[in-house]
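Inside the fold
What follows is the residue order along each chain.
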Amino acid sequence: MTEISDTNLQPKPRRKRWRRRKVPISTEQNISAEILKRMDEAAAAVDTNQSPPKSKSSCPLFSMTFQRYKIDLSTSCTKAETEQRHKRRVQQGIITKLVKTNTNDKSSTSDERRLDKDNNPLNVMNGLLKGVASALPKDDTRARKSVESMYPGEKVRWISSIEELDVDVDLYACAAFWRMASDITQQQNSDQQMWYLALSETTESVARNLCDVLNWYAEYTKGKEDNQVILHAELDSKSETVPVVRFTVTTKIKIDQDQQNEVQKQRQQLPTADDTEKRTKAWVQRLLVELGICPFTKSSTESGHGLRDLSVPVADIMYRHSDALSGSSNDVYLLMADAWLAISDMIKARPTGVSSILLSAPGYDDNFKLWAGQIFSMLETCVGAVQAEEMVGVVCFHPQYATPDGKSFPGFGHMHSLPRLKKWYKEHFTSSSEQLEPSPLTDNEIAAGGAWQRRTPHAVINVLRAEQLEAAEGRRSTGELYERNVRVITSVGLEKLAEDLKQEQCL
């Protein structure tokens, strides 16, 4: 029963109350196994004339406890290395310092608050520095021959960005590392046991950190699949000038032709890159633009709107695609390679070229636990492994997304927890309500309001620029925004949201 406030005790005409939509189980197809289990328990209680479980408020249908996966890195970059890396990125224009302004002064139009790539002298100087850095002669022929001579008859892959302009060498090395791991595990019938990757431009600490992430995943999944290739990575001691990673296949599984054909068939059945881009764009237009869930996205092709005075330009959204399959542990390496190549390309394009990334991986649509757990833990740890925190942030989206219930920390990149959303809703509900105040939302509805902000047609890795995140946090009131978004989501109706998402998945 709805509680009656003091103001409603005064005699006045009876008003029609706003009613919340109930969630028909038949329309909620895209939910996790955990949520389905809770719904079944509630239905069983009704069938036996028992009271519904009292966990409705403490454990809502649209929230869940996230298992926290912690990946420890054995190496910390030295202060000198960190400073040198930061200086290089600033000189290349990879890292830009935001213009500090009074964000409450909406009327200011001073030159210091404008972003003009052609006329701003700071940007011109930055471009000169970047040009000088790019023009420096690069010749790694001697180093390459020296390294290759240490491994006669062995498979050595040399990674260098000589032919790439304006690329960040650490991100480039990260993408190459995961591509190598993917290539090795895809060649499952090869008799070769050791492979070598020479990362000519990054540091030993970065290379060792990447090995830690791969070894954590290999150890975690060891013995969980019959057709898994167990891969181990470590720095090789032979090379003293260039970091060389030695990949060792410790468990070799022979895959017959029928099994290979089955995997290939599964890949062919996945939506194409064009399909996922079309569907994700429709979702962006519906949820972020039309419903205004993201105040800094005004179209399905660009983002960063309203932040120009903070040196954040409006730029393209990069749509990417991965054919990785969740049914194979080995395909996680393929997904990581696709993700880090996209991140490297975004950084290379600079803030004026690409604002953010939406990478779809439809092969993970039915495995939210893996996607939100190990996958995003590895992505998050890799950001730290290459010291990219001041450059990018990764955000989790999925068709089965559930709001964290606050009992554990799921890691960065997830929706705010239910307790925090409830706190913001309570703080801002009265002041933001319309003339006819609706009944206060239940815990389950607040959780749904958080979950549906992250439910995309396919599993999606969203990559945002750190400077854009910083500017957005300074410009908006986070509590007011999320309270407003929860109200908007629930006012649409959960049945309608499920229907719209299903239609987008069929585009």
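Everything below is about the structure printed above this text.
Described in the following lines is the structure provided in the data block. (Residues numbered from 1 in each chain as written. Predicted model: local features only at pLDDT ≥ 70, side-chain atom pairs only at ≥ 80, totals over all residues. Heavy atoms only, no water.)

This paragraph deals with the sheet that holds strand β11 (residues 460-465). Within a sheet, adjacent strands bond to each other through the backbone by hydrogen bonds, running parallel or antiparallel. Reading across the sheet, the five strands line up as β6-β7-β8-β11-β9 and stay open at both edges, with mixed pairing between neighbours. In this open sheet, the two strands that pair with only one neighbour each are β6 (302-303) and β9 (392-397). Sheet topology places strand β7 (residues 315-321) next to strand β8 (residues 354-360); six bridges connect them, and they run parallel. Among the inter-strand pairings, R320 is bridged to a residue of β8, identified as L359. Across the face of the sheet, helix α10 (residues 331-349) comes into contact with β7, β8, β9 and β11 while running at roughly 165° to β8. Docked against the sheet, helix α11 (residues 368-385) engages β9 and β11, running at close to 175° with respect to β9. (Pairing = 2+ DSSP bridges. Helix = DSSP H or I, 4+ residues; strand = E, 2+ residues; numbered from the N terminus. Contact = heavy atoms within 4.5 Å. Axes fitted to C-alpha atoms, helices over the stretch in contact; angles between N-to-C directions.)

At a closest axis distance of 8 Å, the pairing of helix α9 (residues 273-290) and helix α16 (residues 494-505) adopts a crossing angle of 150°. Here α16 runs roughly antiparallel to α9, going by the angle between their axes. Between α9, through R279, A282, W283 and R286, and α16, the contact on the second element is made entirely by L497, D500, L501, E504 and Q505. Along the lines of polarity and charge, the residues of the contact of α9 with α16 split into four nonpolar, one polar and four charged. (Parallel < 35°, antiparallel > 145°, perpendicular 65-115°, else oblique. Nonpolar A, V, L, I, M, F, W, Y, C, P; charged D, E, K, R; others polar.)

Here the focus is α16. Its twelve residues place the ends of α16 17 Å apart at the C-alpha level, agreeing with the 16 Å of an ideal helix rising 1.5 Å per residue. Listed as buried for α16 are L494, L497, A498, D500, L501, E504 and Q505. In an axial view of α16, the angular spread of the buried residues amounts to 165°, which keeps them on one side of the axis. Buried residues in α16 make contact with α9, α13 (443-451) and α15 (478-492). (Expected span 1.5 Å × (residues − 1). Buried < 20%, exposed > 50% of the residue type's maximum accessible area, 1.4 Å probe, protein only. Arc of directions from axis to C-beta.)

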